[in-house]
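For reference, the chains in residue letters:
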Number of protein chains: 2
Amino acid sequence: MANEQIPYKIYLDEQELPKYWYNLRADMKNKPAPLLNPVTHRPMTKQDLAGVFCEELIEQELDDTTPYFAIPEEIGNFYKMYRPAPLVRAYCLEKYLQTPAKIYYKFEGNNTSGSHKLNSAIAQAYYAKKQGLLGVTTETGAGQWGTALSMACSYFDLDCKVYMVKCSYEQKPFRREVMRTYGASITPSPSTETEVGKKILAEHPGTTGSLGCAISEAVEKASKTEGYRYVLGSVLNQVMLHQSIIGLETKTAMDKYGIKPDVIIGCAGGGSNLGGLIAPFMGDRIKGKLDCQFIAVEPASCPSFTRGKFAYDYCDTGMVTPLAKMCTLGSGFIPAPSHSGGLRYHGMNSTLSQLYADGLMEARAVLQTEVFDAAVQFARVEGTLPAPESSHAIRVAIDEALKCRETGEEKTILFGLTGTGYFDMYAYEKYHDGKMSDDIPTDEELEKAFAKLPHVE
Amino acid sequence: MANEQIPYKIYLDEQELPKYWYNLRADMKNKPAPLLNPVTHRPMTKQDLAGVFCEELIEQELDDTTPYFAIPEEIGNFYKMYRPAPLVRAYCLEKYLQTPAKIYYKFEGNNTSGSHKLNSAIAQAYYAKKQGLLGVTTETGAGQWGTALSMACSYFDLDCKVYMVKCSYEQKPFRREVMRTYGASITPSPSTETEVGKKILAEHPGTTGSLGCAISEAVEKASKTEGYRYVLGSVLNQVMLHQSIIGLETKTAMDKYGIKPDVIIGCAGGGSNLGGLIAPFMGDRIKGKLDCQFIAVEPASCPSFTRGKFAYDYCDTGMVTPLAKMCTLGSGFIPAPSHSGGLRYHGMNSTLSQLYADGLMEARAVLQTEVFDAAVQFARVEGTLPAPESSHAIRVAIDEALKCRETGEEKTILFGLTGTGYFDMYAYEKYHDGKMSDDIPTDEELEKAFAKLPHVE
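These notes cover the structure that comes with them. (Residues numbered from 1 in each chain as written. Chains lettered and ligands numbered in written order. Predicted model: local features only at pLDDT ≥ 70, side-chain atom pairs only at ≥ 80, totals over all residues. Heavy atoms only, no water.)

**Here's the deal with the pattern of salt bridges**
Taken as a whole and assessed by the stated rule, the structure comprises 50 salt bridges over all chains. Here B:Arg180 makes a salt bridge to A:Asp433, at a shortest N to O gap of 2.8 Å. In this pair, B:Arg180 sits in helix 8 (residues 173–181) while A:Asp433 sits in the loop between helix 17 (425–432) and helix 18 (443–450), so the two residues belong to two different chains. With its nearest N and O atoms 2.6 Å apart, the salt bridge here joins B:Glu94 to B:Arg89. (Salt bridge = Lys/Arg side-chain N within 4 Å of Asp/Glu carboxyl O. Helix = DSSP H or I, 4+ residues; strand = E, 2+ residues; numbered from the N terminus.)

Below is the structure:
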């Protein structure tokens, strides 16, 4: 190891930071299908979206031909405060696993939001400010997105209104206080601030809320308040575009040392971190410049890729959003409670769904307890305490490295370590105490949810 | 800012990482006074210390003539997993304060322990392992030290037994779970595992414990268990030696860009982070090579420098440890509850105490609410959520930068950002809700504690 040329951590210099985001759609032969208006079933226009989203973000959302978007200087300056994120060579994990594989991970947790979410939050806040808006609304479940957006809005002096799922608001007071520190206002959802919130409270007194409900409240608030728009932390193509900074930095760092990945692994909830990590590598694969395997890892409790349908569906449970063609379990599907809140989403980004349908990307579903086995192994040898979501990728990276031990192959494995688990210790406690369960939906449950998919000609 | 040559963050390359720790005592004209045996009042010998501490750590503790200690390769490899720590130029804070000062901070929070504590934890675990020991014992209050030691012991496959102050054990379950994740066993203190614990429980049924009691339990456990030794996270000179990595990295980074600090600021509890940060700069000042002001910042609720006596005192409340000559409030002094648990210590590292007595370093005491004002300002413009302890340094850095705004001086201000506040959100909540108080000891309280200082001829 002493003579090894690759350092433990590769940090790019400031001048090596990407100046552009990469729009993978521009290089795809089969483009992702367009968003449809939920009433007319016609492709969404800029006008359709203007009341909810910022103008420049709509441009980014709908553009599937422009390969590069320049990163505005103001966003670049913010990126410099917490980026580059290190590309880490997992020497200690390799040694522990006794594998000939070379394992790398891109670590996105070294900022106060604790995850990659900040990459898109700052972009969305910037465009809102540039458009002269007063503020933005959003929802948050586990709280990483809400934290990231609070930080971004604080930086650009923009009002930030977060609807936080009521049970999270009560169970995760520390997440709430981080957001307050950055000046955001946090409302437990459902609330009496919106019509949809009041309606739900009347129908289900005492409900502890859901992400679907919080989305509906945030959208209503934005569309009814002058100078406000709604922003979202995953699923959308604009978010995947901003997250391409993860993959671009990773590729620059790897190119610098002449490293080529054989396998790239990422966890997938709405798909933004995975899409961002793989974007430039997938672009190269499509152009025939790279031979590489791509693996999406999802929870067995919410298996959008491996057991979902590739169909048009609503992006929210309340069925008010546009329709997206995606791998979906049905917008009515309620995943079992799990400790990877960030992966409990019924659908998947439409670009990634298309890549999966075209056989360019694989997917694996893993059990929660096996994920925590991997998380604890990783923490003990590599130091960093991973988020439960990120640990899905660790699980499969370890599995692949162990296969290499069997076959003797010296594969180069790259995975995305999207965040830290500091606010997930309740989950670790359950794991340590042997009280964590593995819930998998039955075929009947899925068929029931599929039956409610919208009919699109 | 676009033409500025200094990047937002300076990361050293792996080959630029320090290969040696720096022992400031070797270059001091007035050496710190030796530790004394509490019974004979004679200088502690290696034999006196051998039952409690590891052999090589005793060498480091007692050596005030060797300027450099080589960092063993095994420790260096662990350092590479989370170091170098970035030296950050606080461009956004400067702009926000409209100051001509140039502000830099060395950020030690980018690791799972959340603080600089890991720098010494890994060294102490290494020497314990090298000596063939089975495990180590320690105490923890706020939990940063316990977390760091758990991580270090996990890496070297060493047993780790942590006595955690009972009220922290109950109020900070997440800290406890992080330690469990790294395989440590955590006992709420006082416990029935030790004689001293049983005695205290009998005398004070229902007590929620104190750091002094937890130290006594950890020391007893180590000295009565074959193959175990006791380790400590601050105060000792060996800890300050290991923490010199902070200052050495900072100096290398500054030298690379031709930057010379005019003021160096750090928070001070036991003194290890401050001592580590200033060590090489103070060495240069003593040699006449650098003209620089050094400021220790302590809580007004526990003002060891600014209102303490420079005298021999016990290092623990139970009065079983050796005597150290230091700035002390008296080992019987109980600071008011505050949210900077890491700074609630009655004494101060003896090297720093000597520097203060010799006029080489200044000190300021600050109020808790003013510290949180600074913490929130900092978080909102610089992104990172600081630990309450670290925010003491931020407070004075901001004060100094504002003075520069008045005078027009373009001073270069360097401060230590020792850690993050993720596990301190209860304190932030109190601050946001306006429920935080400022408690300052009365002169009578201090006189009462001073009266119990041991009489040393």
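On we go.
**Examining the relation of the copies chain B and chain A**
Of the two same-sequence chains, chain B is brought onto chain A (RMSD 0.0 Å, axial shift 0.0 Å) by a rotation of 180°. Given the turn and translation reported, the copies of this chain are related as if by a two-fold rotation axis. It is B:Asn110 whose C-alpha, among those of chain B, lies nearest the rotation axis, at 3.0 Å. Most of the interface of chain B is mirrored in chain A, where 100% of its interface residues are also at the interface. (Least-squares fit on C-alpha atoms with pLDDT ≥ 70 in both. Contact = heavy atoms within 4.5 Å.)

**Quick look at the environment of A:Gly275**
One can find A:Gly275 in helix 12 (residues 272–286). Not counting residues within four places of it along the chain, the set of residues in contact with A:Gly275 comprises A:Met240 and A:Leu352.

**Regarding unusual backbone geometry**
Omega for the peptide link from A:Ser189 to A:Pro190 comes to 10°, which places this bond in the cis form. Here A:Pro190 is to be found in the loop between strand 8 (185–189) and helix 9 (195–203). Even without a glycine there, the phi angle at A:Val235 is positive, about 65°. Within the element layout of this structure, A:Val235 appears in the loop between strand 9 (228–230) and helix 11 (237–256). The residue B:His41 is not glycine, and still its phi comes out positive at about 60°.

**What about the sheet that holds strand 5 (residues 102–107) of chain A?**
Residue and element names in this part refer to chain A. Read from one edge to the other, the open sheet built from seven strands follows the order 1-4-5-15-10-11-14, with strand pairing classed as mixed. Whereas interior strands pair on both sides, the edge strands pair on one side only; in this sheet they are strand 1 (9–10) and strand 14 (362–366). Relative to strand 14, strand 11 (residues 293–299) is paired through five bridges, and the arrangement is parallel. Looking across to strand 14, one finds that Pro299 is bridged to Val366. Packing against the sheet, helix 12 makes contact with strand 5, strand 10 (263–267), strand 11 and strand 15 (412–417), and its axis sits at approximately 155° to strand 10. (Pairing = 2+ DSSP bridges. Axes fitted to C-alpha atoms, helices over the stretch in contact; angles between N-to-C directions.)

**What about the packing of helix 5 (residues 118–130) of chain A against helix 11 of chain A?**
Geometry of a packed helix pair, given as the angle between the helix axes and the separation of the axes. Residues and elements named next belong to chain A. Interhelical geometry of helix 5 versus helix 11 gives an angle of 125° and a closest axis separation of 8 Å. Relative to helix 11, the element helix 5 lies oblique. Pair helix 5 / helix 11 crosses with right-handed handedness. Mapping the contact onto sequence places Asn119, Ser120, Ala123, Gln124 and Tyr127 in helix 5 and Gln238, Val239, His242, Gln243, Ile245 and Ile246 in helix 11. Along the lines of polarity and charge, the residues of the contact of helix 5 with helix 11 split into five nonpolar, six polar and no charged. (Parallel < 35°, antiparallel > 145°, perpendicular 65-115°, else oblique. Left-handed = near helix turned anticlockwise from the far one by under 90°. Nonpolar A, V, L, I, M, F, W, Y, C, P; charged D, E, K, R; others polar.)

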